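Chains, contacts and geometry: an overview
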Amino acid sequence: MSDHKERFVQWLDQRVTNAGLGTEEIRSAVDPSGVFWLGRLAPEQDAMAETHRERRMDPCSVGMRVKPATDGPWTFDVRVRARGWNRITAASNDLDTPEEWHKSELADVPIRVEAEPGMSSFDFGVDELTFAFRSAGIGVATAAVQVSDESWRGSPELVVTVVNTTPESAHPKGERYLFEVELVVEGLATAPFVLESLPDSFRYERELPAIGINCGVEVRQGKLATRDTIVVSTKRPTFRFGYTAEDKLDLSFSGLTDDPLPRLRQLVDGYARWGREAWSPDALARRQSGGPSWSPEMIAEAERGREAYEAELDRLRRGVAALESSPQLLRAYRLMNKAMGKTAMRRDITSWRPFQVGFLLGVLPSLVEGRRDWNTVEIVWFATGGGKTETYLGLLVLAVFYDRLRGKHSGITAWSRFPLRLLSLQQTQRFADALGSAELVRREHRVPGDPIALGYYVGRSSTPNDIPVEPTKDNPIDVEDDTMPARFNVLLRCPFCAARGVSTRFNRRHWRLEHFCSSPSCPSAGEALPLFVVDSEIYRFMPSVVIGTLDKAALISMQAAMRGFVHGPAGRCRRPGHGFTYAKRGSRPSGCLVPGCKEPNDVIKAHDRAMFAPSFRLQDELHLLRDSLGAVDSHYESILDDLQIKNTDTDPPKIIASSATLAGYERQTETLYGRTGRVFPALGPSVHESYWSASTTKTLRRYVAVWPRGVTLEWVSDRTITVLQQSVRRLRTEAEVVCAQAGIDPVHADELLNLYGTNVIYGNTVKDVEAARRSMGSQVPIDPLNTVSLTGQTPFDDVRTAIAELDGPPAEFDERVHVVAASSMFSHGVDIDRLNIMTVLGVPLTTAEFIQTTARVGRTHPGLVYVVHKIGRERDAGVYSHFQAFVEHGDRLVEPIPVTRSSRRVLDLTSAAAIEARRLFFHEPRSEKLKLTTTDLLRDHHRTVVTTVDDETKALREMLGIRDDEHLLDADLRRAVEIYFTKLNDLGSGARWPADILHRRPMTSLRDVETQIPISDD
Ligand SMILES: [Zn+2]
Ligand SMILES: [Zn+2]
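Rules of the game
- Residues numbered from 1 in each chain as written.
- Chains lettered and ligands numbered in written order.
- Predicted model: local features only at pLDDT ≥ 70, side-chain atom pairs only at ≥ 80, totals over all residues.
- Heavy atoms only, no water.
- Helix = DSSP H or I, 4+ residues; strand = E, 2+ residues; numbered from the N terminus.
- Rg over C-alpha atoms; globule rule 2.2 N^0.38 Å.
- Buried < 20%, exposed > 50% of the residue type's maximum accessible area, 1.4 Å probe, protein only.
- Contact = heavy atoms within 4.5 Å.
- Areas by Shrake-Rupley, 256 points an atom, 1.4 Å probe, with all protein chains shown as cover.
- Lys, Arg positive; Asp, Glu negative; His and termini not counted.
- Charge placed at Lys NZ, Arg CZ, Asp CG, Glu CD.
- Donors = N, O, S within 2.8 Å, 3.2 Å for Na, K, Ca; no water.
- Tetrahedral: all angles 85-135°; square planar, octahedral: opposite > 155°, others 65-115°.
- Pairing = 2+ DSSP bridges.
- Axes fitted to C-alpha atoms, helices over the stretch in contact; angles between N-to-C directions.
- pLDDT = per-residue confidence, 0-100.
- Expected span 1.5 Å × (residues − 1).
- Bend = angle between axes of the 7 residues up to and from the residue.
- Polar contact = N/O pair within 3.5 Å; in protein donor to acceptor, adjacent residues only side chain to side chain.
- Arc of directions from axis to C-beta.
- Phe/Tyr/Trp six-rings, centres within 6.5 Å; stacked < 30°, edge-to-face > 60°.

The next subject is the overall build of the protein chain. Tallying secondary structure elements over the protein chain gives 29 helices and 36 strands in all. The C-alpha atoms of the protein chain give 32 Å as radius of gyration, which agrees with the globular expectation for 1018 residues (31 Å, within 12%). Taking the principal axes of the C-alpha coordinates as reference, the protein chain spans close to 100 × 75 × 65 Å. For the protein chain, buried positions account for 60% of its 1018 residues. Partitioning the intrachain contacts of the protein chain with sequence separation of at least 6 by distance along the chain shows that 77% fall at a separation of at least 24. Surface accessibility of the protein chain: about 40,400 Å² in total, with carbon and sulfur atoms responsible for 50%. Charged side chains of the protein chain number 127 positive and 138 negative; the gap between the two group centres comes to 7 Å.

If you want it as structure tokens, here you go:
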């Protein structure tokens, strides 16, 4: 039995669908062909006059394609239902009298079809339809049922449609349309279609009973019926059941802090027992007997699935063994659990989900002696449930503690990158919370080293690169401006005590932009919180974990103080509070980054610097690294790896990634990192159940595919919002009526108003979002209608205010936010339980974005998602045609990820960066004066160490990861190096700065190429 929230969602959807069809209207003051967006059919003659694309937007027929199970001829029944609208009064010339339209009765027409094999389009039921239409009061419209056999690959395929055949006439448009049209096929035995784009055929239901033509198709009491919207309900997963049920296995933070080993052994033993059953030949045979017999290909796929499971089980066993063998790792693991438990407690979460524990175990063998699989990219994939971020936060905290215990007391442990320009505040907060708890645990357990801190490395897009002594043209930040610090507040609450209202201040003595908590009971006691948001402070303090946008990798060719991201800094300033020092420059003679500091520093010896090398690089949303961005990043990844290897004689960092889709990850990790990728968890033999999760009967989200017919996307969006808001507001004025209709107890009215009173409109571009918002302002007759925009252009402060308000809304409904207009900035890391209804305007460019975006609603309660298709676009039309599979298994659908590293255009951009990165991070620390800031110094250095074009080309080739067989790239690179050295040695050129002798300027952001990424095809 569904619960009251599920029933309310169904009721809401029914309101919207009825409004789209016009089922609840019998009178209208305007032509209905401009109002209703579902169930209508345009006259064929009008449609024929349109271009193909426009015809698709206001179709003249609906129906389905079916495969008869037997050879023809075939006799079956088609039932057509339709209504019409008649204009009773035309509008007066002065427009004082509006039009008046009345709806007809329902025409319900059974038609017998006798179809021959190979028949081309033939009309059935013309007279019956006309007669029934006139009897129902439909004034002028006519129709026909058209049937043809479009045999394909030797097997018959019948196309059955109802077509509006109304001829051209002087009648108003709306009278020539048909409305609320439905076509039902009965009495025909059919065979299913098979969806080929789904891999792993043994796991999936790939069969479709029929293919809709301009509509969806549903099976209703054994009959095939057209549907005006396609509804797909996804099911909420459970994570604790079977061997991992809550009462059988203790995965609480406290249990894993006190005594983890027995619990972990039990988890792994359970996995072994589960696998013996689930992957046994018997179990697989049982699955086969439930459906059509397996092809050799399916059997081979199942075999590979079992092997992946066994490899995973082996890894988890080794993870337990790693903890058994290393007391340091075990202690770090326990401290991590304590810290993560502290954070989770605030959200009333007391234990891990099994897959989170499993993922962590799988990575542990890389951390101990032998560094097993160090170079394998570990990908967290968990499409159906939340908890991904906490999973890798657990890993980060563990890695930080482990570093401290093995003697690394300072420096960056991990650099976590997000592909978007802006990090969501909620995402940042989760990192700050986890690391804040880790710092409290560190203090309590007297773990040595610097405070555990977080670096927010986003500089320029939302926080400063550095704070200048006086404002300059390039950097207008003014330390005298009292309102300045507040602009860079990135916290929603205190990571130590969770108190709201963290403030920021500028500390002149330490030249630091500090976040602080003024709650009297806070463990921070008013001191600065362990968070750095200014780039130069991140260089000075090298926080244990740095989070930021991918763009920042571009700085590796410009910023000598990024040394801590690949090895160690030059020294430490003797003045307390100044932090690490870097290469000396005119503006910082001692290498200290605090303006004007001349204090000497303690040099960090070359062999001590290796200890600073980061252990992990994380990549969130791996699937977004495609096209030009992926190509450029692949070279920067190589540069970072190469600098770390050459400078420290150790491994490059291990790479951890998360991805919303599974299709194509192997090629992507190979291209981006030159490493093999591995996904956790391995899939179970059924998509509905694995060891780690299983589907329940509870609704997660109700997805509704909408094909707007004959009206604009904005109109549909506006009408949808209008109906949703009007309907939910009835809970305030007539709760009894609403609840009776929906079949729920009125006692829930307030809760439902709270959970379903805010709508999200999602646009794929900022332009779409703004258009929707403008249109809403004039077309949605609801008052008050409070709207906020959340796009990449929304100022930081407004985002913070909006999120806080959505999370803790005002008591009065009228004062709440009713509509959130959002773009892709909203699709990551926003986690608000009250957001449960979304309208998506046009199918997002990638399946991953669709998954991420719609996952923002229905996080805890049943969600409702309208996907309004831009049906004129090929992609949208394609998604509509297999909407169910797209929603249920979108993450597995084969969708090529275009990414390559062998692009000469990209090399032209990145080779300049590589040359500069080598100057700053390789040559400069090895130069006599530790300074290569001018062409003169650089020339002297290369003469002294006798660098040749050959040497440098070879080194750069390695640095950029160019393969031996990539001759064109190699030749381009050599030419760039030749030009470089020719210019360097040309004393007459007057070039003073090293950047002047490059073949081009290095990119300042990895997004410099973004304009070349196709964003949309319209
Ligand atoms: Zn506090
Ligand atoms: Zn200093």
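Of note, proline 260 is situated in helix α7 (residues 260-278). Residue classification places proline 260 among the buried residues on the basis of a relative accessible area of 2%. Residues proline 260 and asparagine 337, 77 residues apart in the sequence, show an inter-C-alpha distance of 9.3 Å. Setting aside residues up to four positions removed in sequence, proline 260 forms contacts with Gly255, Leu330, Tyr333 and Arg334.

Coordination sphere of the zinc ion (ligand 2), protein contribution only: Cys573 (SG), His578 (ND1), Cys592 (SG) and Cys597 (SG), at 2.2 to 2.3 Å. Angles of 100 to 118° at the metal separate the 4 donor atoms of the zinc ion (ligand 2), which places the site in the tetrahedral class. Donor residues for the zinc ion (ligand 2), ordered by position in the chain, follow C-x4-H-x13-C-x4-C. What makes cysteine 597 buried here is its relative accessible area of 7%.

Right, let's talk about the coordination of the zinc ion (ligand 1) for a bit. Donor atoms from the polypeptide that bind the zinc ion (ligand 1) are Cys494 (SG), Cys497 (SG), Cys517 (SG) and Cys522 (SG), placed at 2.2 to 2.3 Å. Relative to the metal, the 4 donor atoms surrounding the zinc ion (ligand 1) lie at angles of 105 to 115°, and the coordination shape comes out tetrahedral. Mapping the donors of the zinc ion (ligand 1) onto the primary sequence yields the spacing C-x2-C-x19-C-x4-C.

Our focus in this paragraph is the sheet that holds strand β33 (residues 787-790). Spatially, β17-β31-β36-β35-β32-β34-β33 is the arrangement adopted by the 7 strands of the open sheet, whose pairing is mixed. If you trace the sheet from one side to the other, it starts and ends with β17 (229-238) and β33, each paired once. Direction aside, the axes of adjacent strands within the sheet are offset by 20° on average. In the sheet, strand β35 (residues 837-841) pairs with strand β36 (residues 863-868) via 5 bridges, with the strands oriented parallel. Residue pairing for β36: threonine 839 is matched across the bridge by tyrosine 866.

On to the confidence of the model for the protein chain. Of all residues in the protein chain, 96% have pLDDT values of 70 or greater, and the mean over the chain is 91. Per-residue pLDDT stays below 50 along residues 1010-1018; that stretch engages in 13 contacts with residues further than four places along the chain or on separate chains.

Further remarks concern helix α26 (residues 904-926). Given a rise of 1.5 Å per residue, 23 residues ought to cover 33 Å, and the 31 Å separating the end C-alpha atoms of α26 matches this to within 8%. At arginine 919, α26 shows its maximal kink, close to 35°. Here α26 lies mainly inside the structure; 19 of its 23 residues are buried. Where α26 begins, the side chain of serine 903 points an oxygen toward the backbone nitrogen of arginine 905, at a separation of 3.4 Å.

Our next topic: helix α24 (residues 874-881). Buried within α24 are the following residues: Asp876, Ala877, Val879 and Tyr880. Projected down its long axis, α24 shows its buried positions confined to an angular sector of 160°, all on one face.

Pairing is antiparallel in the open sheet, where 3 strands are placed in the order β1-β5-β4. Among the strands making up the open sheet, the edge pair consists of β1 (27-28) and β4 (85-89).

Counting across every chain of the model gives 32 aromatic pairs. Aromatic side chains phenylalanine 8 and tryptophan 11 sit 5.5 Å apart centroid to centroid with 25° between the ring planes, which places their arrangement in the stacked category. Here phenylalanine 8 and its partner tryptophan 11 are both found in helix α1 (residues 4-21), 3 residues apart, which amounts to about one turn of the helix. The same class applies to phenylalanine 8 as to tryptophan 11, namely buried. Each ring, one from tryptophan 274 and one from tyrosine 691, has its centre 6.0 Å from the other, and the planes form 45°; the classification is tilted. A residue pair is termed long-range when its members are at least 10 positions apart, and tryptophan 274 in helix α7 and tyrosine 691 in the loop between β30 (677-680) and β31 (694-706) qualify at 417 residues. With a relative accessible area of 10%, tryptophan 274 lands in the buried category.

Remember that side chains alternate between the two faces of the sheet whenever the strand is regular. Burial of strand β10 (residues 179-186) is extensive: 8 of the 8 residues sit out of reach of the surface. Where strand β3 (residues 74-83) meets β10, 6 bridges bridge the pair, whose relative direction is antiparallel. For aspartate 77, the partnering residue across the bridge sits in β10 and is glutamate 186. Summarising the sheet, β10 and strand β16 (residues 223-227) pair through 2 bridges and their orientation is antiparallel. Following the sheet pairing, valine 184 is matched in β16 by alanine 225.

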